[in-house]
Amino acid sequence: MLGDWKPKEIEPKWQKKWVELGAHKFDPRDAKRPVYSMDTPPPFTSGDLHMGHVLSYAYFDFAARYKRLRGFNVYYPQGWDCQGFPTEVKVEAKFGKKLKPEEFRAKCVEWTDQFISRMRQQMISMGFSPDWDYEYKTMSPEYHRKVQLSLLKMYANGLVYRGEHPVFWCPHCVSAIAKAETEEEQRATELNFVKFVSHETKDGYITIATTRPELLHACVAIFVHPDDNRYRKLVGTHAHTPLYDREVKVLTDPDVDPTFGTGIVMMCTFGDKQDVVWTYRHNLPAIESIDRYGKLLNAGEFTGLKVADAKMKIIERLKADGLLIKQEKIQQTVKTHDRCKKPIELLTSKQWFCKIKGFEEPVKSAARAMRWVPEFTLQYLIDWANYIEWDWVISRDRIFGTPIPFWHCKKCGEIVTPPEDKLPVYPISDAPPLPKCPKCGGELEGEKATCDCWVDSSISPLIISKWMEDEDFYNLTFPATLRPQGTEIIRTWCFYTIYRSLMLTGKPPFKELLINGMVLAPDGKKMSKSLGNVIPPDKLIEDYSADAVRQWTALSGAFARDKPFSYKDIQYAKSFVLKLWNASKFVEKSLEGFDRRKTKGTTLKFRTVDRWMLSRINRLIKSNTANYDNYDYFAIITSVQDFFWHEFCDFYLEEVKHRLYQSEKFGEDSKKATQFTLYVVLLDVLKMLAPIMPHTTEEIYDSIYKVHEGDKSLAQSKWPALYEKDIDEKAEKKAILLNQVLTEIRKFKAEKKMALNADIAAVKIRTLEPELLDDVKEEITEAGKAKKIETSQGDFKVEVAV
RNA sequence: GGGCCCGUAGUCGAAUGGUAAGACGUCACCCUGACACGGUGAAAACUCCCGGUUCGAUCCCGGGCGGGCCCACCA
């Protein structure tokens, strides 16, 4: 028998039992059930699950649990995205910078493993149901092998290459940094109006405006806007840079702002990102202008000066030479390094690339063929694909990452690849695959850089399907059925995954995408440590139970929209779990002596209220089957809550108590019919709620239903069958009228300050179709405690006499 | 600057081409033989603004205002 609801006992109990029962197992040998495979996001191993994880992973879990009930062979693996800069920072903080790369990497692995076990435990306490036999880590040698194999294959097809590329560089830290590590800062600076020699103008000069005169030596072109009539005749001519007298061409580009400065801009390698874009767009030469320490290169007499000094000296010189017309004070946004707050530069260096320019169309058309939930999120990917300016830089100057599996000749630059059966390789420490360069005999050097983390994660559907490892498994699980993920990584994870899958397998990686938004703090702002508004999921589980937290995620509504966390919603969720529990206790007690199996083949004497309940539950099964298929968890949870709380509990239970308690008066048959109805309705409700609140429903099932139904657990049972013929509009109409009458009686009692179970002498009911009440008079008498009922025809009105 | 999403009672939010659920909060009352983390009621919304289509729009179209997110840019 059910006692008090104790989530802290039943939740861990079932989390353990499901594993023992193998309730979440994927069976690759099962040829009968259709496969439903899920390519879920491997979370970055930061050490703690945050509310965003909880929200999105709960949705994935709803899908997995629902599909299992529907008879699918669900493949739900869980991975971990391990390698990244934040881990390096933490390990460096703890162990210092002295470690050798191999030792440092080992410490990172050790550190990450600890984090994984913590996060795994958090997932388990949320009741998530991946098949842990298929767990993967991006830092494992096997994962490295697959990533490297994928790069070798793409290299063989000319899709991976080594080349020069600008990277964000911090001269202060002497290190390349990612765009994500940059910050922006407003500062005041001077806009300098500088004369370039030109033979096309009357005075022999054209004037450009620049905030970075120290880059004059790296100027390779001058741009004006194509529609700028002032300079139309200059286009295609040449000018000469001051101080260096380099000849540069005047070109047009729509990105030029004709209203800024003089409307003429000099392009240097590289003043800012726009210069990078122009370099690629107009195929311009790149001049190495600044070294790794922020000192000028190739700048004649100014070579070796730090950027700030050079700027001062160059401005002085321009003034002295009469080449500086004027200076204007302006506000400027400067990119800075988030750790040292010093301005960063763009430097070119040798990097590895994936060729994505030119493959936008195949990626877009593959994406268009997929089902996007919600639909508009497809646009995020299309927009991104349309904006790609250059190829994907896949190399990072890091240690804790997948090594890029190439060697190159120090002399001629020839690339040497390792044999596939030797993977994974660690070129930083391994011996080269060949003793010397096959082309020129020069010395081979292993690549020091590691892969961008998206290189790792963009083959997740290949990893989980055992690509190039187990062909049967691959055919069974690839492409994945579902790719659930957040909006913010459509441009990265999603785009790169589709691209890589097309390049490596010729097939799209998945069929459907489920896109979720972010959880905001209750104040509507992003949760962040610095704002102090972070809500830890563990605390919510502690205070409200995992089932309530899961239910809250379903209540959080639409996909791809950000949603502030609400304590009110989670409190309501908890109240509902308790309501379900208490009502189940009542049903359990009411079912004493009832055996579902013995009703088979017998005819039950249903009353109208029973038919109403059976009709409503079947309607819900119908609509919620569709809702689950559409991933509309909000519609499911709200419709079941409303039905269960306000129809089943508030009305039906009150309307049948007399039949349960006074069977000698109302008949055993009548009692049996209501027992049957209680049994069926609660069971179907449990099943509809099982994916969302699995622990509580499982415990109730275990106590009331297991002996009758035969399934070892609710998780291993079947989605409720739909009995369309039980949908009974007439019974619904009668029950609705009955409930209106009871409402009026309750209202009367409340007004008269009477107890709700107080007797009343008579009730007079006027209604348009009084005959509808014929079948429900017993309920009016018993639930309303009305001794006498009079009905008449007319507009609805209820009069009560004490 | 570009793209996308959103704008409904104090708050959160659903639905709909025919003036609008529910929840929280507020107020009044009631411990109905499962539940006071319960029950019965009440008050509370000119569905952001302006046009258009329509017999009729909150829902469709156009414009505006306001909020959010992503991307780009600031020479």
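Since this is a predicted model, take the numbers as computed values, not measurements.

## Some words on the pattern of salt bridges
Evaluation of the coordinates by the stated rule reveals 52 salt bridges. Between Arg120 and Glu135 there is a salt bridge, with the nearest N and O atoms lying 2.8 Å from each other. Taken together, the residues Arg120 in helix α4 (residues 101–125) and Glu135 in the loop between α4 and β4 (136–137) connect sequence positions 15 residues apart. Owing to a relative accessible area of 23%, Arg120 belongs among the partly exposed residues under this scheme. In this structure, Glu769 engages Lys733 in a salt bridge whose closest nitrogen and oxygen atoms are separated by 3.3 Å. On the criterion of sequence distance, the pair formed by Glu769 in the loop between β26 (760–767) and α25 (777–784) and Lys733 in helix α24 (residues 729–751) is long-range, its members being 36 residues apart. Residue classification places Glu769 among the partly exposed positions, given a relative accessible area of 29%. Connected through salt bridges with shared partners, the residues Glu142, Arg145, Lys146 and Glu469 form a single ionic network.

## Comments concerning the packing of aromatic side chains
For the coordinates displayed, the defined rule picks out 39 aromatic pairs. Seen from their ring centres, Phe376 and Tyr380 are 6.3 Å apart, and the 65° between their planes marks the pair as edge-to-face. Between Tyr572 and Trp645, the ring centres sit 5.6 Å apart and the planes meet at 15°, which makes this aromatic pair stacked. Taken together, the positions of Tyr572 in helix α16 (residues 567–590) and Trp645 in helix α19 (residues 633–661) put the pair 73 residues apart, joining distant regions of the chain. Given the relative accessible area of 33%, Tyr572 is considered partly exposed. Residue classification places Trp645 among the buried residues on the basis of a relative accessible area of 17%. Aromatic rings pair up to connect Tyr59, Phe62, Tyr66, Tyr628, Tyr633 and Trp719 into one cluster. Over the ring of Phe473 we find Lys466, and its NZ or CZ is 5.1 Å from the ring centre.

## Looking at the environment of Thr377
Here Thr377 shows up in the loop between β15 (371–373) and α9 (378–386). The class for Thr377 is buried, based on a relative accessible area of 0%. The sequence separation of Thr377 and Val35 amounts to 342 residues, and the corresponding C-alpha distance is 26 Å.

## Points about the pairing of strand β22 (residues 480–486)
Counting buried residues along β22, seven of its seven residues qualify, which places the element largely inside the surrounding structure. Where β22 lies against strand β23 (residues 510–516), six bridges are found, and the strand directions are parallel. Opposite Ala480, over in β23, you have Phe510 as the bridge partner. Remark: the β22/helix α13 (residues 490–505)/β23 crossover connection has right-handed handedness.

## A short note on the environment of Trp352
On the secondary structure map, Trp352 appears in strand β14 (residues 345–354). The buried category is assigned to Trp352, whose relative accessible area is 1%. Taking the C-alpha atoms as reference points, Trp352 and Glu447, 95 residues apart in sequence, are found 9.8 Å from one another. Ignoring any residue separated from it by four or fewer positions in sequence, one finds Trp352 in contact with Val160, Tyr161, Arg162, Trp392, Val393, Ile394, Ser395, Ile404, Phe406, Ile415 and Glu447. Engagement of the side chain of Trp352 in a polar contact is seen with the side chain of Glu447, the distance being 2.7 Å.

## Side note on the side chain of Glu11
Of note, Glu11 is situated in helix α1 (residues 7–21). No salt bridge is formed by the buried Glu11; its nearest oppositely charged neighbour, Arg550, is found at 7.9 Å. Here the side chain of Glu11 touches Asp547 through a polar contact of 3.1 Å, landing on its backbone nitrogen. If we skip the residues at most four places from it in the chain, Glu11 touches Ile541, Ser545, Ala546, Asp547 and His695.

Parameters at a glance
Residues numbered from 1 in each chain as written. Chains lettered and ligands numbered in written order. Predicted model: local features only at pLDDT ≥ 70, side-chain atom pairs only at ≥ 80, totals over all residues. Heavy atoms only, no water. Salt bridge = Lys/Arg side-chain N within 4 Å of Asp/Glu carboxyl O. Helix = DSSP H or I, 4+ residues; strand = E, 2+ residues; numbered from the N terminus. Buried < 20%, exposed > 50% of the residue type's maximum accessible area, 1.4 Å probe, protein only. Phe/Tyr/Trp six-rings, centres within 6.5 Å; stacked < 30°, edge-to-face > 60°. Lys NZ or Arg CZ within 6 Å of the ring centre and 35° of its normal. Pairing = 2+ DSSP bridges. Right-handed = clockwise from strand over helix to strand, strands pointing away. Contact = heavy atoms within 4.5 Å. Polar contact = N/O pair within 3.5 Å; in protein donor to acceptor, adjacent residues only side chain to side chain. Lys, Arg positive; Asp, Glu negative; His and termini not counted.

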